[in-house]
Amino acid sequence: RLAVRLGAFANWIDGLIDVVPLASAVDGVTTYRYRNVGRARTAGGQLDVTWPLRSFARVELGYAFLHTRAATGAPLPSRPPHTLRASVRWLLPREIEVVVRLRVVASAWVDVDQHSPPFSILDGRIEKRVDGTWTVHGGVLDALDVRPAPGRAGDQRPVDGRVFYLGVTADLPGE
């Protein structure tokens, strides 16, 4: 069956302290300073849809909207207004599960003349249940190797870039 979730929120903040990137990054590391924003408000919503295609596949889609404003009328920095998410999960024979996720993030306001560029992150994971309690898994985070541009202050893209991982999980017996 199709599952749909919808959520909304609103916040009124007094005495907000925020971090602001300085003009340039040194060796790929951005330095930040604190800024007293004072009063601010945020509002937004999220829509998530989960659609099982068959007993072996499921699609999940999501959209999040965020509206922010400081008392000056300017947006709060480094908070993208739009984020899209999509994932597909397949259960293959022999208890192998494959998951592919995509996240698309809109450009974010950083300062009067500065915006962080939009970006997309693609992740993949494969998992195999070894027996009733053990699972081995591996995957890649940020397969597209999205990174901040060197020397570009306020660039909110992920710092790590592409990361491969392997792991083992175990369910410990209960009492």
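Up top is the structure.
My aim in this report is to walk through the structure given alongside it, one point at a time. Just so we're clear, the structure is a prediction, and the values are computed from it rather than from any experiment.

**Considering the overall build of the protein chain**
- A tally of helices and strands in the protein chain yields zero helices and ten strands.
- Written out in order from the N terminus, the α and β elements of the protein chain read β-β-β-β-β-β-β-β-β-β.
- Within the protein chain, the proportion of its 175 residues that are buried is 27%.
- Partitioning the intrachain contacts of the protein chain with sequence separation of at least 6 by distance along the chain shows that 49% fall at a separation of at least 24.
- Looking at the protein chain as shown, the accessible area adds up to about 11,500 Å², and 59% of this sits on carbon and sulfur atoms.
- With 22 positive and 18 negative side-chain charges, the protein chain shows a spacing of 6 Å between the two charge centroids.

**Regarding the nonpolar core**
- The biggest cluster of nonpolar side chains holds five residues, and these are Leu 16, Val 37, Ala 40, Ala 70 and Leu 76.
- Excluding residues within four positions of it along the chain, Val 37 makes contact with Leu 16, Asp 18, Ala 70 and Leu 76.

**Considerations on the side chain of Asp 155**
- Looking at the secondary structure, you find Asp 155 in the loop between strand S9 (134–141) and strand S10 (163–170).
- Asp 155 sits in the buried class, given a relative accessible area of 8%.
- Among the polar contacts listed, one links the side chain of Asp 155 to the backbone nitrogen of Ala 149, at a separation of 2.8 Å.
- There is a polar contact of 2.5 Å between the side chain of Asp 155 and the side chain of Arg 157.
- Here Asp 155 is in contact with Ser 116, Pro 117, Pro 148 and Ala 149, once residues within four sequence places are set aside.

**Comments concerning unusual backbone geometry**
- With phi around 65 degrees, Arg 94 is a residue other than glycine that occupies positive phi space.
- Its relative accessible area of 71% is what places Arg 94 among the exposed residues.
- For Glu 95, which is not glycine, the phi dihedral falls at a positive 55 degrees.
- With respect to the helices and strands, the residue Glu 95 is situated in the loop between strand S4 (82–92) and strand S5 (96–105).

**Section: the environment of Thr 31**
- Within the fold, Thr 31 resides in strand S2 (residues 29–54).
- On a C-alpha basis, the gap between Thr 31 and Val 20 in space is 8.5 Å, while along the polypeptide they are eleven residues apart.

**Description of the pairing of S4**
- As judged from the nine bridges shared by strand S3 (residues 57–70) and S4, these two strands associate in the antiparallel manner. For Gly 62, the partnering residue across the bridge sits in S4 and is Arg 85.
- Here S4 runs beside S5; their pairing, made up of ten bridges, is antiparallel. The residue bridging Leu 84 from the neighbouring strand is Val 104, located in S5.
- From the end of S4 to the start of S5, which pair antiparallel, there are three residues, and Arg 94 there has a positive phi angle of about 65 degrees.

**Some remarks on the environment of Ala 108**
- For Ala 108, the location among the structural elements is in strand S6 (residues 108–111).
- Residue Ala 108 is classed as buried on the basis of its relative accessible area, which comes to 4%.
- Expressed as a C-alpha distance, the spacing of Ala 108 and Ser 78, which sit 30 residues apart in the sequence, is 5.3 Å.
- Dropping the residues within four chain positions of it, Ala 108 is found in contact with Ser 78, Arg 79, Pro 80, His 115 and Ser 116.

**Section: a nonpolar patch on the surface**
- Judged by side-chain polarity, Leu 2, Val 4, Leu 6, Leu 47, Trp 51, Leu 53, Tyr 63, Phe 65 and Leu 84 come together as a nonpolar surface patch covering roughly 880 Å² of accessible area.
- Counting only elements with at least two residues in the nonpolar patch, the list comes to strand S1 (3–26), S2 and S3.
- Within the secondary structure, Trp 51 sits in strand S2.
- A residue is classified by how much of its surface remains accessible, and Trp 51, at 48% relative accessible area, is partly exposed.

Parameters at a glance
- Residues numbered from 1 in each chain as written.
- Predicted model: local features only at pLDDT ≥ 70, side-chain atom pairs only at ≥ 80, totals over all residues.
- Heavy atoms only, no water.
- Helix = DSSP H or I, 4+ residues; strand = E, 2+ residues; numbered from the N terminus.
- Buried < 20%, exposed > 50% of the residue type's maximum accessible area, 1.4 Å probe, protein only.
- Contact = heavy atoms within 4.5 Å.
- Areas by Shrake-Rupley, 256 points an atom, 1.4 Å probe, with all protein chains shown as cover.
- Lys, Arg positive; Asp, Glu negative; His and termini not counted.
- Charge placed at Lys NZ, Arg CZ, Asp CG, Glu CD.
- Core = buried A, V, L, I, M, F, W, Y, C linked by side-chain atoms within 4.5 Å.
- Polar contact = N/O pair within 3.5 Å; in protein donor to acceptor, adjacent residues only side chain to side chain.
- Pairing = 2+ DSSP bridges.
- Patch = residues over 30% accessible without salt bridge, like charges linked within 9 Å, V, L, I, M, F, W, Y side chains within 5 Å.
- Salt bridge = Lys/Arg side-chain N within 4 Å of Asp/Glu carboxyl O.

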